[in-house]
Amino acid sequence: MNIKTIFFSTLFIVSILCGFMVAAHQRHILGNAQKKLEQHARIIASALWKYETEDPLAYLGLAAESNHYRRIAVMDDVKNEFISVTGPLPGKTERLFIDLGLIPVKRLTTPVIYENTNIGEIRVQWYNRAVYSYLYASFCLALTFCLLWFFLSLARAKKTLKARVIERTAELDNLQKYLASIINSMPSLLIGVDEDHRVTHWNNTTEKETGIPSEKAQGRHLSRVFPRMSEDLGKIAHSIQNHEISLERNKPRQSEAGTCYDDVTIFPLTGDCHKGAVIRIDDATPRVRMEEMMIQSEKMLSVGGLAAGMAHEINNPLAGMMQTADVMRNRLTMTSGIAANEKAALRAGTTMEAIQKFMEDRGILRMVSTINESGRRVAAIVENMLSFARKSNAGTVSQNLRELVDKTLDLAATDYDLKKQYDFKRIEIQKEYDSQIPDVICESSKIQQVLLNILRNGAQAMQGSGTAHPCFFIRIFAGQDRDKVCVEIGDNGPGMDEKTRKRVFEPFFTTKPAGEGTGLGLSVSYFIVTETHRGTLSVESRPGKGARFTMCLPVRPV
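Glancing now at the overall build of the protein chain. Scanning the protein chain for helices and strands turns up 16 helices and 18 strands. Within the protein chain, the proportion of its 558 residues that are buried is 33%. Across the protein chain, contacts joining residues at least 24 apart in sequence account for 58% of those joining residues at least 6 apart. Of the roughly 35000 Å² of accessible surface on the protein chain, a fraction of 56% belongs to carbon and sulfur atoms.

Structure representation (structure tokens):
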């Protein structure tokens, strides 16, 4: 119910009760005044019977003064005035109240009885001063109502204030939850610390990274709950004191996955209420790896361009060498039938038959044939390198995987590391090709890249583990429904454990020492096969049992 309604309802009820009380009080004081008048009549009855005036006059004067009579008169039995007394004059305030009617003049009459005989009467004009009691009562009542209104208003204000406090508390809770949601939704590690390096904030990402709940981290020293920031406590203190943002990029750290990199930013708190800082840690490993990959890619592009230039330069003297070898064969044998050869032999005092006999006996013709054969092999290798290094603009075309695998093997055979005494040619190659496999639609240079990555990884693993008789088992076969062609490459190297096997296609994952691998070869190969060609690439391996990679490409584009 409304406070105003309660107040005015109470005021109305109290007003009615006061009215009844005033009426009852008026009857009560009039009754008392009448009783006093009757008492006066009994006292002066004897004097009135004897017609004595002195004693009644004195008594009536005291009665007029004490009872606030305006006038008191004694009448005889024939209604003649026997004696009368005028009371004290009222003051200015009372005269004002009398003029306003607040103090009414009441006329009271009572008979004078002496020995059961009515010998006269007393008439009184009496000032009814009950107004003072009413004013006092009204003042107290008004004060009570003011206090009631004050307490009701206070209660209403308290209720309103309580509602506002609840509302503001709910708003603050919602704001706090909203800010906590923002902080906890960020992928970065966010840690708040005070000027004593004690934790004040600890978001969900930090919980997952450290395994320490926020409740346990709060209030603890940063070096105890996040040890890898121990060496940066000086930077944090400097940032807080000087209100400077500190940023350290690519900060290295060691983890189970190897060397990782973080971007660490220290933000000092603004304002004078709280001193501290917010530490933001972002995993920069993918970016660093990508930068390394871009640098490596630039190097490979440079090497590719250099190799292409070298191949062109090699082709020119190679062509001259092969042509000279053919000319030598033509000029040193009789089968060419060149007349100039006979003339030159005669001038030298010999014959072509003797020259050819000498060439055959000393194996020179065989050597010339070897020069030609080696030259053709070098020319084929150079052409293969050029086609692999050359940027493909032709897109996907129909390819025979048997020929593509053989070209890749020829290309891999040129892989040699003098420092590690590593030579791909020393690896035995066992082939098992299905003769009835269909051609596939693919980008030959990219598929060669996939095959070359698998062959090189296998060859380096076998060489690094010291495999006695390294061997590759290569099988090409069609799928069950002949809708795909599969290339299976196995080796007899050290193999992989299950943990390594599951991660072998992850970007930047490598088991090689730092600086010897980027961890991108097989991940890029997986992307080329699965995304570019919509095929599959899988691996099976056990420790000590080698590894077997299987690549399947659809015959028709998906």
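One can describe the packing of helix H13 (residues 401-412) onto helix H14 (residues 444-465) by two numbers: an axis separation of 9 Å at closest approach and a directional angle of 55°. As the angle between them shows, H13 and H14 are arranged oblique. Of the two elements, H13 crosses H14, and the hand of that crossing is right-handed. Judged by residue contacts, Leu401, Leu404, Val405, Lys407, Thr408, Leu409, Leu411 and Ala412 of H13 engage Ser444, Ile447, Gln448, Leu451, Leu452 and Leu455 from H14. Taken together, the residues of the contact of H13 with H14 break down into ten nonpolar, three polar and one charged.

All right, on to the nonpolar core then. In this structure, Leu401, Phe424, Ile447, Leu455, Phe472, Val487 and Met551 are the most contacted members of the largest nonpolar core, which totals 39 residues. Mapped by element, the contributors of at least two residues to this core are H13, strand S14 (440-442), H14, strand S15 (471-478), strand S16 (484-491), helix H16 (521-532), strand S17 (536-541) and strand S18 (547-554). Among the elements that make up this core, the one with the highest residue count is H14 (eight residues). If sequence neighbours within four positions are ignored, Ile447 has contacts with Leu401, Leu404, Cys442, His533, Met551 and Leu553. By size, the runner-up hydrophobic cluster in this structure holds 23 residues, among which are Leu37, Tyr69, Phe82 and Val85.

With that out of the way, let us pick up helix H8 (residues 233-242). Those residues of H8 lying buried are Leu233, Ile236, Ser239 and Ile240. All buried residues of H8 lie within an arc of 125° about the axis, which places them on one face of the element. Every exposed residue of H8 that faces more than 90 degrees away from the buried side is listed here: Gly234 and Gln241. Looking at the buried side of H8, the elements it contacts are strand S5 (189-194), helix H7 (222-225), strand S7 (246-255), strand S8 (258-268) and strand S9 (276-283). Backbone geometry just downstream of H8 places His243 in the positive-phi region, at approximately 55°.

Looking now at a positive patch on the surface. Together, Arg198, Lys216, Arg220 and Arg224 make up a region of like positive charge exposed at the surface. Mapped onto the fold, Arg224 is located in helix H7. Exposure remark for Arg224: the relative accessible area of 66% places this residue in the exposed category.

Parameters at a glance
Residues numbered from 1 in each chain as written. Predicted model: local features only at pLDDT ≥ 70, side-chain atom pairs only at ≥ 80, totals over all residues. Heavy atoms only, no water. Helix = DSSP H or I, 4+ residues; strand = E, 2+ residues; numbered from the N terminus. Buried < 20%, exposed > 50% of the residue type's maximum accessible area, 1.4 Å probe, protein only. Contact = heavy atoms within 4.5 Å. Areas by Shrake-Rupley, 256 points an atom, 1.4 Å probe, with all protein chains shown as cover. Axes fitted to C-alpha atoms, helices over the stretch in contact; angles between N-to-C directions. Parallel < 35°, antiparallel > 145°, perpendicular 65-115°, else oblique. Left-handed = near helix turned anticlockwise from the far one by under 90°. Nonpolar A, V, L, I, M, F, W, Y, C, P; charged D, E, K, R; others polar. Core = buried A, V, L, I, M, F, W, Y, C linked by side-chain atoms within 4.5 Å. Arc of directions from axis to C-beta. Patch = residues over 30% accessible without salt bridge, like charges linked within 9 Å, V, L, I, M, F, W, Y side chains within 5 Å. Salt bridge = Lys/Arg side-chain N within 4 Å of Asp/Glu carboxyl O. Lys, Arg positive; Asp, Glu negative; His and termini not counted. Charge placed at Lys NZ, Arg CZ, Asp CG, Glu CD.

Read these as layout, nothing more, since geometry by itself doesn't imply function.
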